[in-house]
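Letter by letter, the chains look like this.
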Amino acid sequence: MKIDLETYLLKQVTYLASPNCNDFPELADVNLLVIHCISLPEGQYGGNDVIALFTNELDALSNVDYVSLKGLKVSAHAFIRRDGSIIQFVPFNKRAWHAGVSSFEGQEGCNDFSIGIELEGTDKDEFTTAQYASLVEVTQALQVLYPAITMERIVGHSDIAPGRKSDPGTGFDWPNFRCSVASVQN
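Residues numbered from 1 in each chain as written. Predicted model: local features only at pLDDT ≥ 70, side-chain atom pairs only at ≥ 80, totals over all residues. Heavy atoms only, no water.

A. Summary view of the side chain of Thr139. Structurally, the position occupied by Thr139 is in helix α2 (residues 129-145). Owing to a relative accessible area of 1%, Thr139 belongs among the buried residues under this scheme. Sequence-distant contacts of Thr139, that is, excluding residues within four places in its chain, are made with Leu33, Ile154, Phe177 and Val181. (Helix = DSSP H or I, 4+ residues; strand = E, 2+ residues; numbered from the N terminus. Buried < 20%, exposed > 50% of the residue type's maximum accessible area, 1.4 Å probe, protein only. Contact = heavy atoms within 4.5 Å.)

B. Representation of the pattern of salt bridges in the model. Summed over all chains, the structure comprises five salt bridges. Salt-bridge contacts for Arg153 lead to Glu105; the nearest nitrogen and oxygen are separated by 3.0 Å. With Arg153 in the loop between α2 and β12 (154-156) and Glu105 in the loop between β9 (103-104) and β10 (107-108), this pair connects stretches of sequence that are 48 residues apart. Exposure remark for Arg153: the relative accessible area of 15% places this residue in the buried category. (Salt bridge = Lys/Arg side-chain N within 4 Å of Asp/Glu carboxyl O.)

C. Structural context of the packing of aromatic side chains. With the rule as written, the count across this model stands at six aromatic pairs. Summarising the aromatic geometry, the rings of Tyr132 and Phe172 are spaced 5.4 Å apart at their centres and angled 45° between planes, so their arrangement reads as tilted. Linking Tyr132 in helix α2 with Phe172 in the loop between α3 (157-160) and α4 (174-185), this pair joins segments that are 40 residues apart in sequence. Look at Tyr132 and you get buried, because its relative accessible area is 11%. (Phe/Tyr/Trp six-rings, centres within 6.5 Å; stacked < 30°, edge-to-face > 60°.)

D. The arrangement of the pairing of strand β11 (residues 114-120) in detail. Burial analysis of β11 places seven of its seven residues in the buried class, the great majority of the element. Pairing of strand β5 (residues 32-38) with β11 involves seven bridges; the strand directions are parallel. Residue pairing for β11: Leu33 is matched across the bridge by Ile115. Bridge count between strand β6 (residues 78-80) and β11: three bridges; the pairing is parallel. Bridge pairing in β11 links Ile80 to Leu119. (Pairing = 2+ DSSP bridges.)

E. Structural view of the side chain of Arg95. As for its position among the elements, Arg95 is in strand β8 (residues 94-96). A polar contact of 3.3 Å, which involves the side chain of Arg95, links it to the backbone oxygen of Asp23. At 2.3 Å, the side chain of Arg95 and the side chain of Asp112 are in polar contact. When residues no more than four places from it in sequence are discounted, the contact partners of Arg95 are Asn20, Cys21, Asn22, Asp23, Phe24, Pro25, Val90, Asn111 and Asp112. (Polar contact = N/O pair within 3.5 Å; in protein donor to acceptor, adjacent residues only side chain to side chain.)

F. Quick peek at the nonpolar core. Membership of the largest hydrophobic core comes to 30 residues, with the highest contact counts inside it found for Ile115, Ile117, Phe172 and Phe177. Of all the secondary structure elements, the ones that give two or more residues to this core are β5, β6, β11, α2 and α4. Phe177 has contacts with Ile35, Tyr132, Leu135, Val136, Thr139, Ile154 and Phe172, leaving out every residue within four places of it along the chain. Judged by nonpolar contacts, the second largest core, of 17 residues, contains Val50, Leu58, Phe79 and Ile87. (Core = buried A, V, L, I, M, F, W, Y, C linked by side-chain atoms within 4.5 Å.)

This is the structure we're talking about:
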């Protein structure tokens, strides 16, 4: 998988522009990859409500669980569905609004120096082999673009917002993911 260096988009991947992004701060050093998970409604897969959320088109009245999402402006750089297909919402040279109130190694505001990838899932479910394969490919491409994203700087949302966030959760196989990324690099 490759990133187009003119557009900062993954090649051969669907791109749906999210308005929920802006420029990274001047002199930003993108050096963190944050892995998230999301499903709307929670635990239901394959629908388009996550896409609607990231593009500000979600009808908050369509589901009682969405009322708290009314007016929420969020995005991720990319979303990996259960079948491994990828939708990119924000070019990798832009700041996506994925981390919220967050901190990593004493540095506040992780959106300012990180890339956010969402996996379709919940913080309790296991993720699919296809999702891991796509995530490994995206991670490898990002590490070429941003070499400061080392294995030690790939974290879950729960790591940068402890107590507030729990994703990607207990179903995410960190050892397998890290081993797969490392084996691809060698």
